[in-house]
Amino acid sequence: MSDEAIEVIELTKRFLTKKRKGLLKSEKLIVEALKGVSFKVNYGEVVGLLGPNGAGKTTTIKILSTLLLPDSGEARIGGFDVVKEASKVRKLIGVMLSVEKGFYGKLTGRENLVYFGSLYGLSGAELRRRVDEVMDLVGLKELEAEDKLYEEYSTGMKARLSLARALLKDPPVLLLDEPTLGLDPMSARKVRDLVKSLALRENKAVIYTTHNMFEAELVCDKVLLINKGLIVASGTPEELKNKVSDIKTVVLQVRRAAGNLNAFLSKLADVAAGNIVTEELDVDYVEVKFNVRSPEETLDKIVKLLTVEGLSMNSFKVVEPTLEDVFIYFTGGKTS
Amino acid sequence: MRVLQLIKSETLLVYGELLRRKQVLLTYIAYPYIMTFFIIFVGSSVGSLENFEAKVGVNPFLFFIAASFNFLVILGIVDDVLWSPIYDDNIGTLPYVLSSTTPWFLRLLVIPIPRLALTMILGFTSLIPIFTYFEGLEGLLTSSLIMGLGGLAGLLLSTFAILLACSISMLMGESWRLLNIVRPLMMILLGIYYPRVLMPLAVRIISYLLPSSHVVDLMLYTLVSERMPEVLRALTWLGAGTALAVAYGPLSYNSTKSLETKKLREGIKT
């Protein structure tokens, strides 16, 4: 087995889609999902693939799971090519592609795992032992959900079962696509803790896609920021934050009153470094968040701009950039 | 060992999906009776039961219960193989099936076996009671033979059904609506309700290409002649059916591979 768990080199993928134009006509569109993605993941490492919707996270995971053929480039898992040696790769990976589906509703959680375990080549006592172990590991035994029909499962239970399936054959590589999407905080925490401990104690290599910055910061040893099919930045969460250390984030609460907010925002674009994110707090107040290189110097300009546009400021805060700010800085402000 | 484990797990799935939906199981048990009574009801409104027996040479109840049982067997195979990729796609299990270490072709071969076994068991609730009622002990033997031949007809259809399922998916995309076209076509082409000798030549040629149609022919012969078929005749029909089923093997394997590549190129829906 290779030292590197996952190696991706210049991966590209284009999709042909159709844009409907009326009842009968449609226009063919080419969507470039991946434009040359490269990265490496070592054993014992959790690598977060972070990006907005449509950035290319799931496409990357699908290619690595041998469920999608790339147009060009190479991807290797445990030294095996995901296209030419797909059957060998399949023995090394555990995949979790969706939290809410992917099981048979009329089977119990245990029966579903037995079914998929058989497809993964397990049988007899070994299969029964592994099913028991993984159900215990993900906490389904604790919830007494092993012999409940899947259709009666809550979203949290479904996610745990999905993770249990990924772990069934005890694979050295885990590919998890948004494993906490739609989960309650307790279930999400359970999944995160489990993933972290699997990498730490069992030396598994994990790719973890998410668009939750908080989660990425908690779980991932390394983060790859992906946007429009390209890795735009990579490093540990701390390293990424250091990349924008000369930048501070200004959080401004603006009172609308009778002023012209849009005009203010368009003029603010000349002052801010990067993108401006706004959030409606209530009818009267709007929070405006943007990065600046020198907050002290810009404060004066901001006050002038507000006065000109008939707006007033309720609060002004300067904070250290979070991973979210790094994300916004590199991806052009498109948070999900 | 692996195939055995796969059959066991597919049995688990059939058990869950079929036996835990009691109304589906009841429909399954009632189906041969419903079809038989429907055909006899429509038939007797335009002709008579005696006329049918005089022309075909067999009691219409026996003929149609046997035909309906066999249709249920065939339907099980066709539905399982054609339906499973669509079903897996819809409920999101397809990515896990394809990314497993079990070849898709092997799984498609194994899928219909548990349902086939269940359908065979249903012969005890349809074929055996009716045949025994009308013909006593001899009827019990005939119905047992028909059950066995029905099972064989189902098994021999597997490779052709996989080829059909993959070809349809490649050419027309997947849709459960296609099943509504394939089912009646199978009913006609296999000669279950409509003996092959009465078919137009072009349809008869297509029918000859279906492995199970030869077993259906043997079954109809047994039913109509009311005696065990001669060894040579039986071997010829069974041999033709088996040879065709084996011949479709490589074709259906390649069609599965082609469909898999097509799906991987487009990307599996998650």
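What comes next is a walk through the structure.

Rules of the game
- Residues numbered from 1 in each chain as written.
- Chains lettered and ligands numbered in written order.
- Predicted model: local features only at pLDDT ≥ 70, side-chain atom pairs only at ≥ 80, totals over all residues.
- Heavy atoms only, no water.
- Helix = DSSP H or I, 4+ residues; strand = E, 2+ residues; numbered from the N terminus.
- Buried < 20%, exposed > 50% of the residue type's maximum accessible area, 1.4 Å probe, protein only.
- Contact = heavy atoms within 4.5 Å.
- Areas by Shrake-Rupley, 256 points an atom, 1.4 Å probe, with all protein chains shown as cover.
- Lys, Arg positive; Asp, Glu negative; His and termini not counted.
- Charge placed at Lys NZ, Arg CZ, Asp CG, Glu CD.
- Buried area = accessible area lost by both parts, 1.4 Å probe.
- Salt bridge = Lys/Arg side-chain N within 4 Å of Asp/Glu carboxyl O.
- Nonpolar A, V, L, I, M, F, W, Y, C, P; charged D, E, K, R; others polar.

What about the overall build of chain A?
Along the backbone of chain A there are 11 helices and 14 strands. For chain A, the spread of C-alpha atoms along the principal axes amounts to about 75 × 50 × 45 Å. Split into buried and exposed, the 336 residues of chain A put 51% on the buried side. In chain A, 71% of the contacts between residues at least 6 apart in sequence involve partners at least 24 apart. With an accessible surface of roughly 15100 Å², chain A has 48% of that area assigned to carbon and sulfur atoms. Averaging the positions of the 49 positive and the 48 negative side-chain charges in chain A gives two centres separated by 6 Å.

Quick notes on the interface of chain A and chain B
Accessible area lost upon the coming together of the parts is a frequently used measure of interface size. Counting residues at the interface gives 39 residues for chain A and 35 residues for chain B. When the two sides are added together, the surface that chain A and chain B hide from each other amounts to roughly 3100 Å², 61% of it contributed by carbon and sulfur. Here chain A and chain B share 2 salt bridges between them. Residues A:E111 and B:R20 are paired through a salt bridge, measuring 2.8 Å at the closest nitrogen-oxygen approach. For the side of chain A that touches chain B, the elements supplying multiple residues, two or more each, are strand 1 (4–21), helix 1 (57–64), helix 2 (86–92), strand 6 (93–96), helix 3 (109–119), helix 4 (124–137) and helix 5 (155–167) of chain A. Tallying contributions element by element places helix 3 of chain A first for the side of chain A that touches chain B, with 6 residues. Grouping the amino acids of the side of chain A that touches chain B by side-chain chemistry returns 18 nonpolar, 12 polar and 9 charged.

Here's the deal with the pattern of salt bridges
All names here are of chain B. Enumeration over the complete set of coordinates arrives at 26 salt bridges over all chains. Its salt-bridge partner being D80, residue R115 comes within 2.8 Å of it at the nearest N-O pair. Taken together, the residues span a long stretch of sequence, with R115 in helix 7 (residues 112–122) and D80 in helix 4 (residues 60–91) at a distance of 35 residues. Judged by relative accessible area, D80 falls into the buried class, the value being 7%.

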